[in-house]
Amino acid sequence: MTLLLADAASGELRRKQYRNGIRTTLLEGNDNNHCPRSEDLSTWTKSSGTGAATGSQGDPKGGTTAYKLDDQDGAVAVNWSSPQFAAYTGAWTTRGFSCFYKADTAAVCEIGVFDITAAVYRARLSMTPSSGVLVAGGCAFTVGTGRVVAVLPVTAQPGHYRVLFEVDNIVVANNHRFIVRPAGPTGASLGASILWGFHAHNMGSPCHAYTPNAGASGSVSIVNDDLRLPWRAVPGALTSYFRFYDIGIQRIASIHNSTQRVFYLGSVATPSPRHYIVATSNNIIAQHFKADGTLVQCVVANPALVYGDLVEAMSVLYQDGSVQMTVAINGAAPIVGTRSAGQVLPAAWAADGLLTSQEFRLFSSQSDGGAELERFGFFPGTLTLDEARLAAR
Amino acid sequence: MPNPYIEWTDSTGLARLTCLVPTLSGWTPDVDPIGPSEVALGSGQTFQWVFRTDQVVKFTLPYISPAQASEMLRLKAHLLGGGSVTVFTGDGAARVYTCRIRPETVPVVNQDPESGEFALVLELLNTGGTPMLALWSPVGLLFTPDTDYLALGGTFTRAQVATYFAGP
């Protein structure tokens, strides 16, 4: 997968997303950038030792606002410290981080997440490019535990990469900052790395949207994507088919949210959505609520999604009100849940308030994570997965 | 929300022709400013003396069963006679229009040779003078990244400054 960076105005659907050459729409949850001066590295504090921060370097957006951080000291590992992050919210102890990186003369570059209060590193991520090319396998934690979520090359600006990673064991009440060693932690090492666009995400996994934080302190918030369309379906057999690339639903759900709805019909509150797909920590579930709150559901357990998986999620609402969930990952044999018991559909959805808001929404209630939606469709009747695939061509 | 239907009152009384599916096919609104139009020889600019502006629509009422054929022909005759009808679109906003036939058009009756069902192609003029818009739900529809969600009546919340667009 490759990326290019572009601006999106408020309210603009990001429909130019591509993955593996397939056009997608990026939908993800809310987040924050807690790292002040996220692009202006001239304001970051350099440690003792000889080094220079040189601006006007080519950046991933095609501008010249990146910085070359150059360790020119053969005795100590010169580092640069960001301003203190804004305070975290939420109790979860895994947080997401990201930055842009381009190899220069240094053989290795290190990004540290430093706990100011406890005076310890929560993580030190070593990035080792090969001939200027950085891949996930070239990144490793030398201190702390976490995961490299993705290393995404920027299409329009060759050599630039966005590195997204998660760090565990963050003490959320403490203060933190980035500490960057452009030539790695070895004192004798010399060399420069080009860096830009740091992001200390509030959420447990880094969102893919990049939002600068130009302030001297505080954070910039990113609201969640919330796609809604009017809905006036007559109650009856209905097949809902979604095809998307997973970029974190299950991982985030396992951290702090148990109800990541892929889509739903009706309003936000339970049980107002009368039919929806929900992705929990380990399961993908189709549910059908009655107006009195009773529900029937079909669970596909442990689909074992990993970042970048192509997920096909199909729920079938039968005429008797039963539901059945089918999940296929990367085109492999589908996992079919056991069809639920029936539950009578009302005679008219609008008339008896089955759908309180007469709309459907996508990915609107998740806290973070998300998906790159490739296509989705609603089809009258009960379709097999192959039939839904044909209908969704 | 009931399916779309057309209602009118003629010399026989109140009548209704109901669409068997939730959407009217090929709903295409248009506007027709009525009046002489000339193009200036020197500048090439178009000038028009507009006496009125017709807000019109063309659509098909599909899947009319043979049992409803008499109502269908009654509707055609009513329109050709200058009568008005009420179109209940049954769209997401429950739009309703009072219409007459679009001048110089004739309703066209088609029949499916296999099913025997009829389809009535109509061009109507909104007597209310407003654009004839209708947006139906996505049931049975497919959405891709190229779908114009806003045109469908959707909303999309995003307040970020910058994002990634990936390239193939």
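Located above this text is the structure these notes cover.
Residues numbered from 1 in each chain as written. Chains lettered and ligands numbered in written order. Predicted model: local features only at pLDDT ≥ 70, side-chain atom pairs only at ≥ 80, totals over all residues. Heavy atoms only, no water.

Asks: If you had to explain the overall build of chain B to someone new, which residues and values would you point to?
Replies: A count of helical and extended segments in chain B gives 1 helix and 13 strands. Put simply, chain B runs from its N terminus to its C terminus through helices and strands in the order β-β-β-β-β-β-α-β-β-β-β-β-β-β. Per-residue burial over chain B gives 41% buried out of 168 residues. Long-range pairs, those at least 24 residues apart, make up 60% of the contacts in chain B with a sequence separation of at least 6. As presented, chain B carries roughly 8500 Å² of accessible surface, and 57% of it is formed by carbon and sulfur atoms. (Helix = DSSP H or I, 4+ residues; strand = E, 2+ residues; numbered from the N terminus. Buried < 20%, exposed > 50% of the residue type's maximum accessible area, 1.4 Å probe, protein only. Contact = heavy atoms within 4.5 Å. Areas by Shrake-Rupley, 256 points an atom, 1.4 Å probe, with all protein chains shown as cover.)

Asks: Now, about the side chain of Asn-126 of chain B: what can you tell me, with residues and values included?
Replies: Residue and element names in this part refer to chain B. Among the secondary structure elements, Asn-126 is positioned in strand E10 (residues 118-126). Judged by its relative accessible area of 5%, Asn-126 falls in the buried class. Within polar-contact distance, the side chain of Asn-126 engages the backbone nitrogen of Gly-128 at 2.9 Å. For Asn-126, the side chain forms a polar contact with the main-chain oxygen of Thr-130, separated by 2.8 Å. Leaving out residues up to four positions away in the same chain, Asn-126 has contacts with Gln-55, Tyr-97, Thr-98, Cys-99 and Met-132. (Polar contact = N/O pair within 3.5 Å; in protein donor to acceptor, adjacent residues only side chain to side chain.)

Asks: Give a description of the side chain of Thr-89 of chain B that names residues and reports values.
Replies: All names here are of chain B. Positionally, Thr-89 belongs in the loop between strand E7 (85-88) and strand E8 (96-101). For Thr-89, a relative accessible area of 0% puts it in the buried group. In terms of polar contacts, Thr-89 uses its side chain to reach the backbone carbonyl oxygen of Arg-95, at 2.8 Å.

Asks: Any chance you could break down the pattern of salt bridges for me, citing the residues and the numbers?
Replies: All names here are of chain A. One pass over the full model with this rule turns up 16 salt bridges over all chains. With its nearest N and O atoms 2.7 Å apart, the salt bridge here joins Asp-168 to Arg-147. A residue pair is termed long-range when its members are at least 10 positions apart, and Asp-168 in the loop between strand E14 (160-167) and strand E15 (176-181) and Arg-147 in strand E13 (residues 146-153) qualify at 21 residues. For Asp-168, a relative accessible area of 15% corresponds to the buried category. Taking the relative accessible area as the measure of exposure, Arg-147 reaches 35% and is therefore partly exposed. Arg-389 serves as the salt-bridge partner of Glu-312, at 2.8 Å between the closest nitrogen and oxygen. Of this pair, Glu-312 sits in strand E24 (residues 310-317) while Arg-389 sits in helix H2 (residues 385-391); the two residues are 77 residues apart in sequence, bridging distant segments of the chain. According to the relative accessible area criterion, Glu-312 is buried, its value standing at 5%. Exposure remark for Arg-389: the relative accessible area of 23% places this residue in the partly exposed category. The network of salt bridges with common partners includes Glu-110, Arg-124 and Arg-181. (Salt bridge = Lys/Arg side-chain N within 4 Å of Asp/Glu carboxyl O.)

Asks: Tell me about the environment of Glu-117 of chain B, and name the residues and values.
Replies: All names here are of chain B. Mapped onto the secondary structure, Glu-117 falls in the loop between strand E9 (108-111) and E10. Residue classification places Glu-117 among the partly exposed positions, given a relative accessible area of 26%. Each C-alpha atom of the pair Glu-117 and Pro-66 lies 5.8 Å from the other, and the pair is 51 residues apart in sequence. When near neighbours in sequence (up to four residues on either side) are disregarded, Glu-117 contacts Tyr-63, Ile-64, Pro-66, Asn-110, Gln-111 and Asp-112.

Asks: Tell me what's going on with the packing of aromatic side chains, and back it up with residues and numbers.
Replies: Here a ring pair, both rings aromatic, is described through the centre-centre distance and the interplanar angle of the planes. The final tally for this structure, using the stated rule, is 19 aromatic pairs over all chains. With a centroid separation of 6.0 Å and 85° between ring planes, the pair formed by Phe-242 of chain A and Phe-378 of chain A is classed as edge-to-face. With Phe-242 of chain A in strand E19 (residues 238-246) and Phe-378 of chain A in strand E28 (residues 370-380), this pair connects stretches of sequence that are 136 residues apart. Like Phe-378 of chain A, Phe-242 of chain A is buried. Arranged with centres 4.8 Å apart and planes meeting at 10°, the rings of Phe-376 of chain A and Phe-143 of chain B form a pair that is stacked. Taken together, the residues span two chains, with Phe-376 of chain A in strand E28 and Phe-143 of chain B in strand E11 (residues 142-143). The class for Phe-376 of chain A is buried, based on a relative accessible area of 0%. Residue Phe-143 of chain B is classed as buried on the basis of its relative accessible area of 2%. Taken together, the ring pairs in this structure connect Trp-44, Phe-85, Phe-97, Phe-141, Phe-165, Phe-178 and Phe-198 of chain A into an aromatic cluster. (Phe/Tyr/Trp six-rings, centres within 6.5 Å; stacked < 30°, edge-to-face > 60°.)

Asks: Give a detailed account of the sheet that holds strand E10 (residues 109-115) of chain A, specifying residues and quantitative values.
Replies: Residue and element names in this part refer to chain A. Sheet architecture is open: 6 strands sit in the order E5-E8-E15-E10-E11-E12, paired in antiparallel fashion. At either margin of the open sheet sits one strand with a lone partner, and together these are strand E5 (45-46) and strand E12 (139-143). Bridge analysis of E10 against E15 gives 6 bridges, and the strand direction is antiparallel. Bridging from a neighbouring strand, Val-113 pairs with Phe-178 of E15. (Pairing = 2+ DSSP bridges.)

Geometric descriptors of this kind do not, in isolation, establish any biological role.
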